[in-house]
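# Notes for the structure review
Below are the chains, spelled out letter by letter.
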Amino acid sequence: QVQLVESGGGLVQPGGSLRLSCAASGSSFSISRMGWYRQAPGKERELVAAITRLRSINYGDSVKGRFTISRDNAKNTVYLQMNSLGPEDTAVYSCIAATYGGMDYWGKGTLVTVSL
């Protein structure tokens, strides 16, 4: 079992920045890939960014050039630095951890609101 705890969401003005964190505990040694998805009201969930243990990264098209994902394997933590935020980035951001055994674990999500 893997437990994920997200932090760092909140309200930010357009053009601002936020950093999300997701800390894994439990059988964290089994995690191969960690990442973030988001879901805005009335929209489907979409990939934001993902990173493997060896730090191979992929981003969703809508965040390329603005968001940066990073990972501290020693702390079992993944970070999402979000810059140049716009109202379209408003969503619940959820952390995911995928294990070598094919299991996916999800965090509870953290709300990011971009508004004046």
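Above this text is the structure in question.
The structure reproduced in this document is the subject of the present report. Position labels on residues start from 1 in each chain and follow its written sequence. Residues qualify for local features only when their pLDDT is at least 70, as the model is predicted, and side-chain atom pairs are given and counted only at 80 or more; totals for whole chains, interfaces and linings, by contrast, use all residues. With hydrogens and water set aside, each side-chain value is computed from the structure's full complement of heavy atoms.

### A word on the nonpolar core
Core analysis: the largest hydrophobic core is formed by 28 residues, its most contacted members being Leu4, Met34, Trp36, Leu80, Met82 and Tyr93. Strands here mean DSSP runs of E at least two residues long; helices mean DSSP runs of H or I at least four residues long; both are numbered from the N terminus. Of all the secondary structure elements, the ones that give two or more residues to this core are strand E1 (2-7), strand E3 (18-26), strand E4 (31-39), strand E5 (46-52), strand E7 (67-72), strand E8 (77-82), strand E9 (91-99) and strand E11 (110-114). Here, residues are in contact when the closest pair of their heavy atoms is within 4.5 Å. Apart from residues no more than four positions distant in its own chain, Met34 is found in contact with Leu4, Cys22, Ala24, Ala50, Ile51, Ile69, Arg71, Asn76, Val78, Cys95, Ile96 and Ala97. The nonpolar core is taken to be a set of buried Ala, Val, Leu, Ile, Met, Phe, Trp, Tyr and Cys residues, with the residues joined through side-chain atoms within 4.5 Å. Burial classification: accessible surface area is computed with a 1.4 Å probe over protein chains only, and a residue below 20% of its type maximum counts as buried, one above 50% as exposed, and the rest as partly exposed.

### Topic: the side chain of Arg71
Its place among the elements puts Arg71 in strand E7. Under this rule, positive means Lys or Arg and negative means Asp or Glu; His and the chain ends count for nothing. What makes a salt bridge here is a side-chain nitrogen of Lys or Arg within 4 Å of a carboxyl oxygen of Asp or Glu, nothing more. Here Arg71 is buried and forms no salt bridge, its nearest opposite-charge partner Asp72 lying at an N-O distance of 8.3 Å. A 3.5 Å cut-off defines polar contacts: any pair of N or O atoms within that distance qualifies, except that in protein one atom must be a possible hydrogen donor and the other a possible acceptor, and neighbouring residues in sequence count only when both atoms are side-chain atoms. For Arg71, the side chain forms a polar contact with the main-chain oxygen of Thr52, separated by 3.4 Å. Residues in contact with Arg71, not counting those within four places in the same chain, are Ile31, Ser32, Arg33, Met34, Ile51, Thr52, Arg53, Arg55, Thr77 and Val78.

### Brief notes about the sheet that holds E3
In short, DSSP must find at least two bridges between two strands for them to pair. Taken together, 4 strands build an open sheet; the order of strands is E1-E3-E8-E7 and the sheet is antiparallel. Two strands lie at the open edges of the sheet, namely E1 and E7, each paired on one side alone. Taken over all neighbouring pairs, the strand axes of this sheet differ in orientation by 15 degrees on average, direction set aside. Sheet topology places E3 next to E8; 6 bridges connect them, and they run antiparallel. Looking at E8, one finds that Ser21 is bridged to Tyr79. Angles shown run from 0 to 180 degrees and are taken between the N-to-C directions of axes, each axis being a line fitted to C-alpha atoms and, for helices, limited to the stretch in contact.

### So, the pairing of E11
Only one face of E11 is buried: it carries Thr110, Val112 and Val114, and the other face, with Leu111 and Thr113, is open. Of the strand pairs in this sheet, strand E2 (residues 10-12) and E11 are connected by 3 bridges, and their pairing is parallel. Bridge pairing links Gly10 to Val112 in E11.

### As for the state of the cysteines
Defined simply, a disulfide is a covalent bond joining two cysteines at their sulfur atoms. In plain terms, two cysteine sulfur atoms within 2.5 Å form what is called a disulfide here. Applying the stated criterion to the full structure yields 1 disulfide. Through a disulfide, Cys22 is tied to Cys95; the S-S separation comes to 2.0 Å. Given an S-S torsion of about -85 degrees, the disulfide between Cys22 and Cys95 has left-handed geometry. Of the two residues, Cys22 sits in strand E3 while Cys95 sits in strand E9, which places them 73 residues apart along the sequence. Of the two residues, Cys22 and Cys95, both sit in the buried class.

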